[in-house]
Amino acid sequence: MPLVGYGVFRVPEGDDLAEAVKTAIAKGYRSIDTAQVYRNEESVGRGIQAAIEEGLVTREELFITSKVWNDGLSYEKTLAAYDSSLEKMGLDYLDLYLVHWPGIDQNYIKVYKALEKIYQDGRVRSIGVSNFHVHHLESLLKETTVIPVINQIEFHPHLTQEEVRAYCEDKGIQVEAWSPLMNGSLLEEALIQELASKYSKTPAQIVLRYDVQHHVVTIPKTMTPARMSENLDVFDFALSEQEMTQLDALNDGLRCGPDPEKFNFK
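The structure presented is a predicted model; accordingly, all values stated were derived computationally and were not measured.

Trainee: Outline the environment of Asp-15, listing residues and values.
Mentor: As for its placement among the helices and strands, Asp-15 is situated in helix α1 (residues 15-27). Overall, Asp-15 belongs to the exposed group, its relative accessible area being 58%.

Trainee: Give me the lowdown on the nonpolar core, citing residues and values where you can.
Mentor: With 74 residues, the main nonpolar core has Tyr-6, Leu-94, Tyr-97 and Leu-247 as its most contacted residues. No other element matches helix α4 (residues 107-120), which puts seven residues into this core.

Trainee: Could you give an account of the sheet that holds strand β7 (residues 174-178), naming the residues involved and the relevant values?
Mentor: Pairing within the open sheet is parallel, and its eight strands lie in the order β1-β2-β3-β4-β5-β6-β7-β8. Two strands lie at the open edges of the sheet, namely β1 (6-7) and β8 (217-218), each paired on one side alone. Relative to strand β3 (residues 63-68), strand β2 (residues 31-33) runs parallel, the two sharing three bridges. Within the sheet, the bridge partner assigned to Ile-32 lies in β3 and is Ile-64.

Trainee: I'd like a description of α1, backed by residues and values.
Mentor: Over its 13 residues, α1 extends 18 Å from the first C-alpha to the last, a length consistent with the 18 Å expected when each residue adds 1.5 Å. All buried positions along α1 are accounted for by Leu-17, Ala-18, Ala-20, Val-21, Lys-22, Thr-23, Ala-24 and Ile-25. Elements in contact with the buried residues of α1: β1, β2, α2 (41-53) and α9 (225-232). Directly beyond the C-terminal end of α1, a positive phi value near 125 degrees is found at Gly-28.

Trainee: I'd like to hear about the pattern of salt bridges, residue by residue, with values.
Mentor: Applying the stated rule across the entire model yields eleven salt bridges. Residue Asp-95 is joined to Arg-59 by a salt bridge in which the shortest nitrogen-to-oxygen separation is 2.9 Å. Taken as a pair, Asp-95 in the loop between α3 (75-89) and β4 (96-99) and Arg-59 in the loop between α2 and β3 lie far apart in primary sequence, 36 residues in all. For Arg-59, a relative accessible area of 11% translates into the label buried.

Trainee: How would you explain the packing of α1 against α2 if you had to name every residue and give the values?
Mentor: Where α1 meets α2, the axes come as close as 7 Å, and the angle between the chain directions of the two elements is 45 degrees. Compared by their axis directions, α1 and α2 come out oblique. Regarding α1 and α2, the two cross each other, and that crossing is right-handed. Contacts between α1 and α2 involve Asp-15, Leu-17, Ala-18, Val-21, Lys-22 and Ile-25 on the former and, on the latter, Ser-43, Val-44, Arg-46, Gly-47, Ile-48, Ala-50 and Ala-51. Of the residues belonging to the contact of α1 with α2, the class tally is eight nonpolar, two polar and three charged.

Rules of the game
- Residues numbered from 1 in each chain as written.
- Predicted model: local features only at pLDDT ≥ 70, side-chain atom pairs only at ≥ 80, totals over all residues.
- Heavy atoms only, no water.
- Helix = DSSP H or I, 4+ residues; strand = E, 2+ residues; numbered from the N terminus.
- Buried < 20%, exposed > 50% of the residue type's maximum accessible area, 1.4 Å probe, protein only.
- Core = buried A, V, L, I, M, F, W, Y, C linked by side-chain atoms within 4.5 Å.
- Pairing = 2+ DSSP bridges.
- Expected span 1.5 Å × (residues − 1).
- Contact = heavy atoms within 4.5 Å.
- Salt bridge = Lys/Arg side-chain N within 4 Å of Asp/Glu carboxyl O.
- Axes fitted to C-alpha atoms, helices over the stretch in contact; angles between N-to-C directions.
- Parallel < 35°, antiparallel > 145°, perpendicular 65-115°, else oblique.
- Left-handed = near helix turned anticlockwise from the far one by under 90°.
- Nonpolar A, V, L, I, M, F, W, Y, C, P; charged D, E, K, R; others polar.

This is how it looks when you write it as structure tokens:
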């Protein structure tokens, strides 16, 4: 799985998104992240198919992720949701399928067991979770057999989630960051702007490099082709240990999304 992927959260269904996905692939992205609840899987799929048909990439070179919106889903409905996502995207399989939220009723265990079935049947390359805290992961691992390969969480300098990351590292679970730029608000941070000036990079590139150096997969969103290129261009410089520590020190628990301890699909 590439360290930098292309996210499509809050991008509506339509030709613009299909074209953006194709453009992202042309720019060099190989990982595309969507979700059932984004209601844009069809456009993501059209963009993928267009890129394949134009010879920009083969299906095998891509890493496609979606997530099941597990609001009270039964085991059987979860299986059906996976089939629906495949149909919308025009794909035979996904590279990664995630349980989108733990919720507060532990329904995620039943849903994850359906993902295990899909995985054991060879219909998905890997499975994982999103927005899980340590106690969610502990409960899940007690009841299931396939360790999640990914835990996709909100992660950025204002929300470093050390406990979750340490637990995932111990269990061999890769951490992935959603909303790495805090919907753009991080770009105004003075320290990040200073580092951008020092390295002749954009503030976004500083944040994405921060993710990479923490060994966190990151999936920024943009519809602008120039920024697509910029977001991939983070492998020709390195932040110092001191600079990483300074960025870590921005951590104050600030979220731009819901708190997994409270979020329950309502």
